[in-house]
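Chain by chain, the residues run as shown.
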Protein chains: 2
Amino acid sequence: MSFKVAIRSFKTLSYVGSYKKIRERNLKFYCAAVIGAGYMAYQQHKNSSADMKEILQIKNYMAEPVTPISQLEKNPNDMKTQMELLIMRIQAEFCRALEKEEDEEAKFLVDRWTRKEGGGGITCVLQDGRVFEKAGVNISVVSGTLPPAAVQQMKTRGKNFDSQELPFFAAGVSAVIHPRNPMVPTIHFNYRYFEVTDKNGVQWWFGGGTDLTPYYLNEEDATHFHLTLKHACDAHDKTYYGRFKKWCDDYFSIPHRGERRGVGGIFFDDIDSPDQTSAFNFVTSCAEAVIPSYIPIVQKHKDDAYGYHERQWQLLRRGRYVEFNLIYDRGTKFGLFTPEARYESILMSLPLNAKWEYMHTPKPNSAEEKLMKVLKEPRDWLHLEQARQVA
Amino acid sequence: MSFKVAIRSFKTLSYVGSYKKIRERNLKFYCAAVIGAGYMAYQQHKNSSADMKEILQIKNYMAEPVTPISQLEKNPNDMKTQMELLIMRIQAEFCRALEKEEDEEAKFLVDRWTRKEGGGGITCVLQDGRVFEKAGVNISVVSGTLPPAAVQQMKTRGKNFDSQELPFFAAGVSAVIHPRNPMVPTIHFNYRYFEVTDKNGVQWWFGGGTDLTPYYLNEEDATHFHLTLKHACDAHDKTYYGRFKKWCDDYFSIPHRGERRGVGGIFFDDIDSPDQTSAFNFVTSCAEAVIPSYIPIVQKHKDDAYGYHERQWQLLRRGRYVEFNLIYDRGTKFGLFTPEARYESILMSLPLNAKWEYMHTPKPNSAEEKLMKVLKEPRDWLHLEQARQVA
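Calculation criteria
Residues numbered from 1 in each chain as written. Chains lettered and ligands numbered in written order. Predicted model: local features only at pLDDT ≥ 70, side-chain atom pairs only at ≥ 80, totals over all residues. Heavy atoms only, no water. Helix = DSSP H or I, 4+ residues; strand = E, 2+ residues; numbered from the N terminus. Buried < 20%, exposed > 50% of the residue type's maximum accessible area, 1.4 Å probe, protein only. Pairing = 2+ DSSP bridges. Contact = heavy atoms within 4.5 Å. Buried area = accessible area lost by both parts, 1.4 Å probe. Salt bridge = Lys/Arg side-chain N within 4 Å of Asp/Glu carboxyl O. Polar contact = N/O pair within 3.5 Å; in protein donor to acceptor, adjacent residues only side chain to side chain. Nonpolar A, V, L, I, M, F, W, Y, C, P; charged D, E, K, R; others polar. Core = buried A, V, L, I, M, F, W, Y, C linked by side-chain atoms within 4.5 Å. Axes fitted to C-alpha atoms, helices over the stretch in contact; angles between N-to-C directions. Parallel < 35°, antiparallel > 145°, perpendicular 65-115°, else oblique. Phe/Tyr/Trp six-rings, centres within 6.5 Å; stacked < 30°, edge-to-face > 60°. Lys NZ or Arg CZ within 6 Å of the ring centre and 35° of its normal. Least-squares fit on C-alpha atoms with pLDDT ≥ 70 in both.

Most of the time, phi is negative for any residue but glycine, and the peptide bond is trans. Residue and element names in this part refer to chain A. Of note, the amide linkage connecting S273 to P274 takes the cis form, showing an omega dihedral of -5°. With respect to the helices and strands, the residue P274 is situated in the loop between β9 (264-271) and α9 (276-288). You will see that D128, though not glycine, has its phi angle at about 65°, which is positive. Residue classification places D128 among the exposed positions, given a relative accessible area of 51%.

As a further point, take the pairing of strand β2 (residues 119-127) of chain A. Residues and elements named next belong to chain A. Among the nine residues that make up β2, seven are buried, leaving the element largely enclosed by the rest of the structure. One ladder, built from six bridges, connects strand β1 (residues 109-114) with β2; its direction is antiparallel. In the strand pairing of β2, V110 is matched with C124. Turn length for the β1-β2 hairpin, with the two strands adjacent in sequence and antiparallel, is four residues, and the turn residue G118 shows positive phi of about 150°. When β2 meets strand β3 (residues 132-146), the two strands line up antiparallel, connected through nine bridges. If you follow V125 over to β3, its bridge partner there is G136. Counting the residues in the hairpin turn of β2 and β3 gives four residues, including D128, whose phi is positive at 65°.

Right, let's get into the interface of chain A and chain B. As a measure of interface size, the accessible area lost when the parts come together is often cited. Listed by partner, the interface residues are 31 residues for chain A and 31 residues for chain B. Across the chain A to chain B interface the summed buried area is about 3,000 Å²; carbon plus sulfur atoms make up 61%. When residues of chain A are sorted by the area they lose upon contact with chain B, E344(A), W356(A) and Y358(A) head the list and together hold 27% of the total. Counting across the interface, chain A meets chain B through zero salt bridges. Applying the counting criterion to the chain A and chain B interface returns 13 residue pairs in polar contact (both at pLDDT 80 or more). Within the residue set of the side of chain A that touches chain B, elements represented by two or more residues are β1, β2, α11 (308-328), α13 (343-346) and β10 (353-355) of chain A. In terms of residue count, the dominant contributor to the side of chain A that touches chain B is α11(A) (five residues). Taken together, the residues of the side of chain A that touches chain B sort by class into 18 nonpolar, five polar and eight charged. With three bridges joining them, β10(A) and strand β10 (residues 353-355) of chain B adopt antiparallel strand pairing. Bridging across to β10(B), N353(A) finds its partner in K355(B).

The nonpolar side chains of a soluble globular protein tend to be buried, and buried together. One finds F94(A), L98(A), F206(A) and Y294(A) to be the most contacted residues of the largest nonpolar core, which totals 78 residues. For this core, the leading source of residues is helix α5 (residues 79-101) of chain A, giving twelve residues.

This paragraph deals with the packing of α5(A) against helix α10 (residues 290-301) of chain A. Residue and element names in this part refer to chain A. Between α5 and α10, the shortest axis-to-axis distance is 11 Å and the interhelical angle comes to 10°. Taken together, the axis directions place α5 and α10 in an arrangement best described as roughly parallel. On the side of α5, the interface is formed by E93, F94, A97, L98 and E101, while α10 contributes V290, I291, Y294, I295, V298 and Q299. A per-class count over the contact of α5 with α10 returns eight nonpolar, one polar and two charged.

Attention shifts here to the packing of aromatic side chains. The description of an aromatic ring pair rests on the distance of the ring centres and on the angle between the ring planes. All names here are of chain A. All told, the structure shown has 44 aromatic pairs over all chains when counted by the stated rule. Between the aromatic rings of F324 and Y328, the centroid separation amounts to 6.4 Å while the plane-to-plane angle is 35°, which identifies the pairing as tilted. Taken together, the residues F324 and Y328, both in helix α11 and four residues apart, mark about one turn of the helix. Here the basic side chain of K80 rests over the ring of F169, its NZ or CZ set 5.8 Å away from the ring centre.

Moving on, we get to the pattern of salt bridges. When their charged atoms lie close together, side chains carrying opposite charge are able to pair. Applying the stated criterion to the full structure yields 50 salt bridges over all chains. Residues D303(B) and R130(B) are paired through a salt bridge, measuring 3.4 Å at the closest nitrogen-oxygen approach. A residue pair is termed long-range when its members are at least 10 positions apart, and D303(B) in the loop between α10 (290-301) and α11 (308-328) and R130(B) in the loop between β2 (119-127) and β3 (132-146) qualify at 173 residues. Residues R257(B) and E323(B) are paired through a salt bridge, measuring 2.7 Å at the closest nitrogen-oxygen approach. In this pair, R257(B) is assigned in the loop between β7 (253-254) and β8 (259-260) and E323(B) in helix α11, connecting sequence segments 66 residues apart. Here the two residues R257(B) and E323(B) agree in accessibility, since each one is buried. A cluster of three or more residues bridged by salt bridges with shared partners is formed by D78(A), K80(A) and E195(A).

Residue and element names in this part refer to chain B. Ordered in space as β1-β2-β3-β4-β5-β6-β9, the seven strands form an open sheet in which the pairing is antiparallel. In the strand order of this sheet, the two ends are held by β1 (109-114) and β9 (264-271), each with one partner. Averaged over all pairs of adjacent strands, the angle between strand axes in this sheet comes to 5°, irrespective of strand direction. Pairing analysis gives ten bridges linking strand β4 (residues 166-179) to strand β5 (residues 186-198), with the strands arranged antiparallel. If you follow V176 over to β5, its bridge partner there is H188. Docked against the sheet, helix α8 (residues 240-251) engages β6 (201-213) and β9, running at close to 100° with respect to β9. Contacting β5, β6 and β9, helix α9 (residues 276-288) crosses the sheet at an angle of about 20° to β6.

For the match of chain A to chain B, the screw axis carries a shift of 0.1 Å, the RMSD comes to 0.0 Å, and the turn is 180°. On the angle and the small slide along the axis, the relation comes out as a two-fold axis. Of all interface residues in chain A, 100% are interface residues in chain B too; the two copies therefore contact each other through one and the same surface.

Structure follows, in structure tokens:
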């Protein structure tokens, strides 16, 4: 393991290890501590450049990168290379962190696939484990020509292209983890980089987000989750967390039910400022915040007691997850409507089991109703509004 | 029970009762017999007029009609009245026929609901029965103003309206029955009537269809199902079954998987010829064919032996059902995107339980693979092509 990888792993582990202690301290102190640590991490990123010998850790990845290694080595400073190496590393670190929480024999199945038109991906799935009922961590690195429908869709979202068919490149990592224990929330994250070339040159942007879907509300966990994301954001732009938290609440919405999918997190699209390296460093911080935001929650609750009632509620909420993903999620629809799409990688986000009961309503004052209130009225977990008023 | 209702009930029962005997006879004979019976039924319809005293059998319905009875009695020959009475009767007959197959205590829950803008519906759901895991039979009778988006959607489907917002009336019955035993297929049907008024007057049309989704293929059942539908069609137009069977195969398709939802049936939209009464009589025949097409199959298989393996396969196929309904079904999307939609009535079509496994593939030469072949390549169940070539 190289020095840099060792440093990163140590950082991750120390986050996880220190969570228990942190829980006993007060919020203010923790907040200051993580923001401080975040700033140091930020400085380190700013000074780093893509050094192939250190970064290209093939033996640590889940599979060989999608792009031939010789090509990656030739273009170490190209953002396409940097993004591919980032998502390879994030995928491997996250899969290993999840496997550590599982029984010995539960390991990720790794599928490396290629795409006719160009590129491919690596889909890692762990199914029917003791801790994780279904966990999918996917990376894809694809290129080719955007069909007119896709160009049109991007235009409606504010992109200004001069043609109907355009060469593009897209690289991203996405994951959805559905634990077995209803006291452990589902997490989803996705970080992606796009390049589209028209006659004016290359247009690039980043998108992404991380969000949490609990079945039973634990306010301490939700606060920890949001605080970890805020720390990742604050190191880059103090306005990011507030804006991207709201964007997340707005995006992961199930309008026909008037509820959100979960307790939110952050979500952003079309990040193309202040410059490419800064944007990449921001996305790197967010992706690196996934493990410290989530694994401590898994460790805390994976052996919590639960019964038939809690399992049934979890299955109903998983039905809502399916509703959001199949009806509203742009990524899922964009993927499925793409000819020759690898639908198994797109639909790995769906839970192993889900349930739909007619007219199910939680009992008044139950734990289930407590969750529903937060899903209907998103909460300001870090009391930003209060802090703003005091200031 | 009035004479006419008694005749109808007798017809239904005799269909069901005679199925076992019919199964032993050869296809040709059965075909001739049902077409003959169908023709007699057709003559009876042609000669009948909407006689309120005979037809308005409130005590037999699942609930009071949506439209006030005084209003229905005032306009007995209005197609809006005739359609509402038809769907009330079809709902009641089908719910009672399903309850007969259930244990004594399993009864439909009846929800009568109203809609702010005008009209309402009656949603009947039987959940967690011994025979039916989830059965939903819904009628709705609604009126109001079509929003511009809906007018636009209708225009893209060939309707020619001169305005952006138009008064409309819609009445329909729809049902989805998910049995517990994997050897019993799921059935879906929907029959509907629309009126839209623009400056040129009232434009009206009917739509509908009935289709079957087996978990294990039984060719005899599929043939019986299609034959019953063909009989209902042939009494009105010999070209209907062939055209509507193909329309059904095309509509209930899951493009991202390259498979159909089930073994098809019939599907049609925009039926506005040869005249309103004939079109209504055709829809009536189709709706009345539901019980004889399906109940014999339920009776034949509801106590078939099955195990864990078959249940798991059924749950996976129910996942595909969810995919079709949430991603592709026009009715579901149209419903959910309508403000103030009663989503519980729209989503009652979803199964109680569903499952998604990553990369599930049936074993070669298994019963599961046999089903998949038919879903990937729809079959000409009644050998129409062969018959055409011989002729």
